[in-house]
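# Structure assessment
These are the residues of each chain, in order.
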Amino acid sequence: MNRTLTCIICPNGCELEIAYEGDQILSVTGNKCPKGAEYAEQEIKNPMRTIASSVKLTNGAMPLVSVRVNGPIPKAKIMDVMAVISETSVDAPVKIGDVVIADVLGLGVEVVATRNVGRK
């Protein structure tokens, strides 16, 4: 199979052409640095993403606090992580960087607040 994607690792934004069979990379072309080949391999074998969302806030000056994961998670786990986030509620106040969910789903990443929100 063949796949074309844009590398997002560095500012070059190389257009990568990947030839692969299953999760075996046959060739990667178009990359201007070695990071492109590494990115292509990750995208074929185990694509990772970061996500941002909001968590319900009780006793807060706002009803929600913005959050993000502090590291990449497997693309296949995005909906599972989002389900945990949607079921979570925290009590105000919340500060930027506060851990809202520790080691979400055992993936080794935390869901952290990205905004300060005080109490009512």
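Quick note: structure is the one above.
Looking now at the overall build of the protein chain. Summing up its helical and strand segments, the protein chain has 2 helices and 10 strands in all. Order of helices (α) and strands (β) in the protein chain, N terminus to C terminus: β-β-β-α-β-β-β-β-α-β-β-β. Against the compact-globule benchmark of 14 Å for 120 residues, the protein chain has a radius of gyration of 18 Å, which places it well outside the compact range. Expressed as lengths along the three principal axes of its C-alpha atoms, the size of the protein chain is roughly 55 × 25 × 20 Å. Counting the 120 residues in the protein chain, one finds 32% classified as buried. Contacts in the protein chain between residues at least 24 apart in sequence constitute 46% of all its contacts with a sequence separation of at least 6. Mean positive and mean negative side-chain charge positions of the protein chain (13 and 13 charges, respectively) differ by 9 Å.

What helix H2 (residues 78–87) keeps buried is the set Ile78, Val81 and Ile85. Down the axis of H2, the buried side of the element spans an arc of 70 degrees, and every buried residue falls inside it. For H2, the exposed residues set more than 90 degrees away from the buried face come down to Met79 and Glu87. Check the buried side of H2 and you find it contacts strand E4 (48–49), strand E5 (52–58), strand E6 (64–69), strand E7 (73–74), strand E9 (99–101) and strand E10 (111–113).

Parameters and conventions
- Residues numbered from 1 in each chain as written.
- Predicted model: local features only at pLDDT ≥ 70, side-chain atom pairs only at ≥ 80, totals over all residues.
- Heavy atoms only, no water.
- Helix = DSSP H or I, 4+ residues; strand = E, 2+ residues; numbered from the N terminus.
- Rg over C-alpha atoms; globule rule 2.2 N^0.38 Å.
- Buried < 20%, exposed > 50% of the residue type's maximum accessible area, 1.4 Å probe, protein only.
- Contact = heavy atoms within 4.5 Å.
- Lys, Arg positive; Asp, Glu negative; His and termini not counted.
- Charge placed at Lys NZ, Arg CZ, Asp CG, Glu CD.
- Arc of directions from axis to C-beta.

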